Amino acid sequence: MTKLFSFVRLLINYHGGHVVIRLALAGHNQSNRPFYRIVAAYNKRARDGKYLEQLGTYDPLPNIYNEKLVSFNFDRIKYWIGCGAHPTKPVAKLLGLSGFFPLHPMTITEAERRRAQAEQTETSTAAAAEGVEEGQQQAEV
Amino acid sequence: MAAVSAARCLVRSYSRAKNVQRSKQMLVRCSTRTFCSGTQDDALPDKTKPQFTDPDVQDILTRITGMDVQKVFRPIKQELKPPTYKLMTDGQLKEALEAATEQAKKLLQMPPVLPERRPIDDVLSEDKILDGMDTAKYVFTDITYNIPHRERFIVVREPNGILRKATWDERDRLTQVYFPKEGRKLTPPLIFKEEKLKMVFSQDRHEDVLDLCQVQFEPDSSEYTRVHTATYEDLDKHGKYELLRSTRHFGGMAWYLVNARRVDGLVVDMLKRELLQDAVSLVSLFHMVHPHSESAQEAASQQATGTDLLKIYAQKESQRSGYIELALQAYELTAEKSSAA
C-alpha cells in the first residue's frame, strides 16, 4: 500500500499505487548509450522520474573484458521486498541470473530459443556449404 | 643558531608534509586493516618460526630502518604555497620536534608482508539449461555499504550458464569501479611491466615504484609480490640499500633478504656506513629466523654479542667473509683512534 509514513514532505496520495523495483534509464543526454539504474519507485511515477531509492545499476553494453556489469544493494532490496515492493520482469531476470532469486522461466525460454536459432543457422550454413562444394565438384568434373 | 634554523625548517616541512601525507596515512591505515584480517588466514604448520608480525622482529626492523628525519620530510612535489613562519619559545619548539618525530614514526610504518592469496575457483551453480543465453558474461556485485571488501559477494554468470565466484583480479577491478580508492587505477600502470621496471631502476627510483605498487595492488596479490621481489633483487645486485634506508620499505627489504639468506651485501653496506648496531641487530634477526644454521648455533653456544656475533657470522655463514672481517677491523681501528684522541 502507499508508504505515506516515510514521506511527510510531499503528500502524494496515489490511489492504489504500489512500490516497484525497476530499471530507470540514466544519462539521458547520450543517444545509443543506455545505462540503467535499478530503482525503488512508485508504480505511477515516470520511468526516469523521481524515485524512492537507488538500489543498483545495470550496464547493458559489455566492456573490454566482455562483461555486463550489474550491481545490487542486496540489503536494501531485501528491505523493499519486505515492505511489499514488486520487481519488474527485467529486474526479476537479473536477480535470477545473480542467484538471489530462483531462475526466471523466461531466461530459460530465451536460452532455448537462442540455441534453436543457432542450430538452425548452423544447419542452413552447412547446407549452403555442401551446396557450394557440390557445385565446385560438378564444375571440376 | 644553526640547530634552531634546522629545527625551524624541519617544523616547516613537517607542517607542509602533514596535509599531503594524510592520504598516504589513510592508505597505510587501509593496508594495515587488510593486514589484520590477513594474519588470521595464516595456518603455518610450525608456529615456532618467527613471523614478520612478531614484536621482536618488528622492533629490530624499525631499528635498522633508522629515522633520518630530513629524508622523511624532504620536500615533495605539491602546490606552491608561501612558507608559514611561527614564533615559538624553546619549549614549544621541543614539543613541535617531538610531534614531528611521532609523525615520522607513523610515516615509517611498515606495509604488511603477507603470503600470496590462493586463487578462487568456487562454482556456485551449474545451470546447463542456460547454455548460450548471451554472448557476454554478467558480473554481479553487492554494493551494500558496511561490508569489508574481502567479504563482498561478487559473482559471474558465464554464457554457458555456470554461476561462479569472481577471481581475485576481477574482484580488485570491480571494487575499484564501485568503491574507488584514491590513486588506484583500473588497469595497472605500465610502469609495472618488466622492461619499464628495468628502466626505472636504472634511474634509481625504487622508492617511487614501491609507493605506486603499494597504492595499486593488494598486499597479498601476485603482482605486488612480483614487483617487490624484482625491486629487492635489483637493490641487492647493485648494493643501493641507501635509497630505501629511513623509508617504510626498508623493513620489508630486510625481511626478504633475511628469508633468502642473502644478508651479506646489507651487512657490508652497514659496516661501510659505520652502523655497527644495525649490523649486529640484522645478524641477530638472521639467527632468529634461521635458528638451525651453523652461525646461529655457534652464537647461541657462545652467547656472543656485538662484534663477536659479526665475526661468527662472517666465519660461518657469509660468502664475503673477507670483506666483513676487513670492515670490522677498520671499524675497530677508527673506534680506538677516536677513543684515544
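Residues numbered from 1 in each chain as written. Chains lettered and ligands numbered in written order. Predicted model: local features only at pLDDT ≥ 70, side-chain atom pairs only at ≥ 80, totals over all residues. Heavy atoms only, no water.

1. Considering the domain arrangement of chain B
Step number 1: Structurally, chain B comprises domain 1 (66-108), domain 2 (123-166) and domain 3 (261-340).
Step number 2: The gap between the C-alpha centroids of domain 1 of chain B and domain 2 of chain B is 50 Å. (Domains from an automatic or database assignment.)

2. Some points on helix α14 (residues 321-340) of chain B
Since the α-helix packs 3.6 residues into each turn, any two residues three or four apart lie on the same face.
Residues and elements named next belong to chain B.
Step number 1: Its 20 residues place the ends of α14 28 Å apart at the C-alpha level, agreeing with the 28 Å of an ideal helix rising 1.5 Å per residue.
Step number 2: Among all positions of α14, only Ile324, Ala327 and Leu328 are buried. What you see down the axis of α14 is that its buried residues fit within an arc of 105°, all on one side. Those residues of α14 that are exposed and angled more than 90 degrees off the buried face are Leu326, Leu333, Glu336, Lys337 and Ala340.
Step number 3: Buried residues along α14 sit in contact with α10 (264-272), α11 (276-289) and α13 (307-316). (Helix = DSSP H or I, 4+ residues; strand = E, 2+ residues; numbered from the N terminus. Expected span 1.5 Å × (residues − 1). Buried < 20%, exposed > 50% of the residue type's maximum accessible area, 1.4 Å probe, protein only. Arc of directions from axis to C-beta. Contact = heavy atoms within 4.5 Å.)

3. Brief notes about the pattern of salt bridges
All names here are of chain B.
Step number 1: A complete count under the given rule lists 29 salt bridges over all chains for this structure.
Step number 2: A salt bridge links Asp208 to Arg205; its shortest N-O distance comes to 3.2 Å.
Step number 3: Of the residues examined, Asp208 reaches a relative accessible area of 34% and is grouped as partly exposed.
Step number 4: Since its relative accessible area comes to 42%, Arg205 is described here as partly exposed.
Step number 5: Of the charged contacts in the structure, one is a salt bridge between Asp211 and Arg248, with a shortest N-O distance of 3.5 Å. With Asp211 in helix α7 (residues 206-216) and Arg248 in the loop between α8 (222-238) and α9 (250-260), the pair connects residues that are 37 residues apart, well separated along the chain. Exposure class is identical for Asp211 and Arg248. Each is buried. (Salt bridge = Lys/Arg side-chain N within 4 Å of Asp/Glu carboxyl O.)

4. Quick word on the packing of α10(B) against α11(B)
Residue and element names in this part refer to chain B.
Step number 1: Running from N to C, α10 and α11 cross one another at 160°; their axes reach a closest spacing of 8 Å. Between α10 and α11, the interaxial angle falls into the category roughly antiparallel. The hand of the α10/α11 crossing is left-handed. Across the interface between the two elements, Leu266, Val267, Met270 and Leu271 from α10 touch Leu276, Asp278, Ala279, Leu282 and Val283 from α11. (Axes fitted to C-alpha atoms, helices over the stretch in contact; angles between N-to-C directions. Parallel < 35°, antiparallel > 145°, perpendicular 65-115°, else oblique. Left-handed = near helix turned anticlockwise from the far one by under 90°.)

5. Describing the confidence of the model for chain B
Step number 1: Looking at chain B as a whole, the pLDDT averages 79, with 84% of positions reaching at least 70.
Step number 2: Of the two predicted TM-score estimates for the complex, the pTM is 0.73 and the ipTM is 0.85. (pLDDT = per-residue confidence, 0-100.)

6. As for the interface of chain B and chain A
Step number 1: Each partner contributes to the interface: chain B provides 26 residues, whereas chain A provides 28 residues.
Step number 2: Where chain B touches chain A, the interface holds two salt bridges.
Step number 3: Here Asp134(B) makes a salt bridge to Lys68(A), at a shortest N to O gap of 2.8 Å.
Step number 4: Counting across the chain B and chain A interface gives 15 residue pairs in polar contact (both at pLDDT 80 or more).
Step number 5: The set of elements that each furnish at least two residues to the side of chain B that touches chain A consists of β2 (137-142), β3 (154-157) and α5 (168-178) of chain B.
Step number 6: For the side of chain B that touches chain A, the leading source of residues is β2(B), giving six residues. (Polar contact = N/O pair within 3.5 Å; in protein donor to acceptor, adjacent residues only side chain to side chain.)

7. Quick look at the nonpolar core
Step number 1: Met253(B), Leu266(B), Val267(B), Leu282(B) and Leu310(B) are the most contacted members of the largest nonpolar core, which has 41 residues in total.
Step number 2: When residues of this core are traced back to their parent elements, those giving at least two are α2 (55-65), α8, α9, α10, α11, α13 and α14 of chain B.
Step number 3: Element by element, the count of residues in this core is highest for α11(B), at eight residues.
Step number 4: Ignoring any residue separated from it by four or fewer positions in sequence, one finds Met253(B) in contact with Tyr232(B), Leu235(B), Tyr241(B), Leu244(B) and Leu266(B).
Step number 5: Listed in part, the 26 residues of the second largest apolar core include Leu23(A), Ala40(A), Leu130(B) and Tyr138(B). (Core = buried A, V, L, I, M, F, W, Y, C linked by side-chain atoms within 4.5 Å.)

8. Here we look at the packing of aromatic side chains
Residues and elements named next belong to chain A.
Step number 1: Enumeration over the complete set of coordinates arrives at nine aromatic pairs over all chains.
Step number 2: On the basis of an interplanar angle of 15° and a centroid distance of 6.0 Å, the ring pair of Tyr36 and Tyr58 is categorised as stacked. Of the two residues, Tyr36 sits in strand β2 (residues 36-42) while Tyr58 sits in strand β3 (residues 53-58), which places them 22 residues apart along the sequence.
Step number 3: Residue Tyr58 is classed as buried on the basis of its relative accessible area, which comes to 11%.
Step number 4: The ring of Tyr79 carries the charged tip of Arg76 above its face, separated from the ring centre by 4.4 Å. (Phe/Tyr/Trp six-rings, centres within 6.5 Å; stacked < 30°, edge-to-face > 60°. Lys NZ or Arg CZ within 6 Å of the ring centre and 35° of its normal.)

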